[in-house]
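Structure at a glance
Chain residues, written in single-letter form:
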Amino acid sequence: MVRIRVLVVDDHRIFAESLAAALAAEPDVDVSAAGSGPAALRCLERAAAEGRRFDVLLVDADLGGKVPAGRPAVPVQAGDEDGLVDGMSLVTGVRSAQPLVRIVVLAEKDDPARAALALQAGASGWVAKDCSLNRLLTVIRGVLRDETHLPPALLTGVLRELTAARRHRTESERLVESLTPREREVLRCMVAGLGRKAVAERLYLSPHTVRTHMQNVLGKLGVHSTLAAVALARRAGVGPVDLTGDVVERGGQLA
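Numbering of residues starts from 1 in each chain and follows the order in which that chain's sequence is written. Local features in a predicted model are, by the rule used here, given only for residues with pLDDT of at least 70; side-chain atom pairs are given and counted only at 80 or more, and totals for whole chains, interfaces and linings are based on all residues. Hydrogens are left out, water is left out, and the side-chain values use all remaining heavy atoms of the structure.

1. Topic: the confidence of the model for the protein chain
Chain-level statistics for the protein chain give a pLDDT mean of 81 and a share of 83% at 70 or above. Every residue carries a pLDDT, the predictor's confidence in it, which falls somewhere between 0 and 100. A helix here means a DSSP run of H or I that spans at least four residues, while a strand means a run of E at least two residues long, and both kinds are numbered starting from the N terminus. Mean pLDDT across the secondary structure elements of the protein chain bottoms out at helix α6 (residues 152-177), with 73, and peaks at strand β1 (residues 4-9), with 95. Every residue in residues 67-84 is under pLDDT 50, and counting partners more than four places away or in other chains gives 21 contacts. By definition, residues are in contact when any of their heavy atoms lie within 4.5 Å. Low pLDDT (under 50) marks residues 246-255, which in the prediction has 15 contacts with non-local residues, meaning those over four places away or in another chain.

In structure tokens, the structure reads:
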């Protein structure tokens, strides 16, 4: 019999232990539990090193506490022993590090916006915590067949959220494309968190010229602050400049 290895990640101990016990009663399921994001990462890494990877991760949507809307995901390596890796960040980190692991998010209530974020982060399903064991097992087995599972009541809302996200990304991409090559380079420096002086030194420009470029970037993107420009750049897929590499070569045509 092929057994399914499941890891339950929830900082509510009673719920995690109860769910793990219920799943363990199934003849084809092996289950473990972790009470925090860092603990889950250790379990996953240890299992991978021993050649017995987990197949499915069940992650509490509110792991580590609810995350305020618009707050960037916490890098998984930044978590501490108290579980300060939030649920969505854990989904992103695990999906990146172990792409074969299927992830299902367990939620207290239906929320189209958060469910859409979970899918974008790499989850394969969103399930209510109070669903039946049979329903949860159906989802677990389904995601292993590369299916995506959502409650029917959430489907329309999630599709609307994903469509809106794509529309916003398309608009952001169009705005970024309106920048000159030099302005895009300045924007990448802004995404990396560099201030005006650091950008000037990196690109061999005067602070006054950098200020002009930054003002042009904000104007073309239609925003009023560096923070807003960085958020828009991220939506458009613009990453930070590589701070470990060489600085941009001096060249008058680039100024």
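Anyway, onward from the coordinates.
2. Quick word on the side chain of D62
Inspection of the secondary structure puts D62 in the loop between β3 (56-60) and α3 (87-97). With relative accessibility at 12%, the residue D62 sits in the buried group. Within the structure, the side chain of D62 is placed 2.8 Å from the side chain of R114, a separation counted as a polar contact. Beyond its immediate stretch of four places on either side in the chain, D62 contacts D11, E108 and R114. Here the term buried applies to any residue with accessible area under 20% of the maximum for its type, exposed to any over 50%, and partly exposed to those in between, with areas from a 1.4 Å probe on protein chains only. Under this definition, polar contacts are N or O atom pairs within 3.5 Å; protein pairs additionally need one hydrogen-donor-capable and one acceptor-capable atom, and for neighbouring residues in sequence, both atoms have to be side-chain atoms.

3. What about the packing of aromatic side chains?
Here a Phe, Tyr or Trp ring, Trp counted by its six-membered ring, pairs with any other such ring whose centre lies within 6.5 Å, and the pair is stacked when the planes are under 30 degrees apart, edge-to-face when over 60, and tilted otherwise. Under the counting rule described, the total for this entry stands at zero aromatic pairs. In this arrangement the basic side chain of R5 is found over the ring face of F54, its NZ or CZ atom lying 4.3 Å from the centre. Our definition puts a charge over a ring when NZ of Lys or CZ of Arg is within 6 Å of the ring centre and also within 35 degrees of the ring normal.

4. What to know about the nonpolar core
The definition of a nonpolar core used throughout is a set of buried Ala, Val, Leu, Ile, Met, Phe, Trp, Tyr and Cys residues joined through side-chain atoms within 4.5 Å. Among the nonpolar cores identified, the biggest contains 30 residues, and L7, V9, L57, L90, V94, V105 and W126 are the most heavily contacted of them. Secondary-structure elements contributing two or more residues to this core are β1, α2 (37-49), β3, α3, β4 (102-107) and α4 (112-121). Sorting elements by how many residues they give to this core places α2 first, with six residues. Within the second largest apolar cluster, 26 residues are counted, among which are L187, M190, L203 and V230.

5. A word on the pairing of strand β2 (residues 29-34)
By the bridge criterion, six bridges tie β1 to β2 in an arrangement that is parallel. By the bridge assignment for β2, V6 is matched with V31. Here, strands pair whenever DSSP counts at least two bridges between them.

6. Thoughts on unusual backbone geometry
One non-glycine residue with positive phi stands out, namely D146, at about 65°. For D146, the location among the structural elements is in the loop between α5 (133-143) and α6. Its identity as a non-glycine residue notwithstanding, Y204 has a phi of 55°, on the positive side. Position of Y204 among the secondary structure elements: in the loop between α8 (196-203) and α9 (207-221). Y204 sits in the partly exposed class, given a relative accessible area of 39%.

7. A few points about the pattern of salt bridges
Any carboxyl oxygen of Asp or Glu within 4 Å of a side-chain nitrogen of Lys or Arg constitutes a salt bridge here. Considering all chains together, one arrives at 12 salt bridges under this definition. In this structure, R102 engages D146 in a salt bridge whose closest nitrogen and oxygen atoms are separated by 2.7 Å. Placement of the pair is R102 in strand β4 and D146 in the loop between α5 and α6, with a sequence separation of 44 residues. Its relative accessible area of 57% is what places D146 among the exposed residues. Measuring nitrogen to oxygen at the nearest pair gives 3.6 Å for the salt bridge that ties R188 to E185. A residue pair is termed a helical-turn pair when its members lie 3 or 4 positions apart in one helix, as R188 and E185 do in helix α7 (residues 181-191) at three residues. Each of D10, D60, E108 and K129 takes part in salt bridges that share partners, so that together they form one network.

8. Re the sheet that holds strand β5 (residues 125-128)
Here five strands make up an open sheet; going across it, the order is β2-β1-β3-β4-β5 and the pairing parallel. Bordering the open sheet on either side are β2 and β5, each of which pairs with just one other strand. Between one strand axis and the next, the sheet turns through 25° on average, direction left out of account. With four bridges connecting them, β4 and β5 associate as parallel partners. Bridging across to β5, A107 finds its partner in A128. Every angle, taken between N-to-C directions, lies between 0 and 180 degrees, and every axis is a line fitted to C-alpha atoms, over only the stretch in contact when it is a helix. Sitting on the sheet, helix α1 (residues 13-24) touches β1, β2, β3 and β4, and the angle it makes with β2 is about 170°. Along the sheet face, α3 touches β1, β3, β4 and β5 and points at about 175° away from the line of β4.

9. Structural notes on the packing of α7 against α9
One can describe the packing of α7 onto α9 by two numbers: an axis separation of 9 Å at closest approach and a directional angle of 95°. The angle between α7 and α9 falls in the class roughly perpendicular. Between α7 and α9, the residues in contact are R182, E183, V186, L187 and M190 and H213, M214, N216, V217, L218, K220 and L221, respectively. Of the residues belonging to the contact of α7 with α9, the class tally is seven nonpolar, two polar and three charged. Roughly parallel refers to an angle under 35 degrees, roughly antiparallel to one over 145, roughly perpendicular to one between 65 and 115, and oblique to any angle outside these ranges. Note that Gly is not counted as nonpolar here; it falls among the polar residues with everything else outside the nonpolar set of Ala, Val, Leu, Ile, Met, Phe, Trp, Tyr, Cys and Pro and the charged set of Asp, Glu, Lys and Arg.

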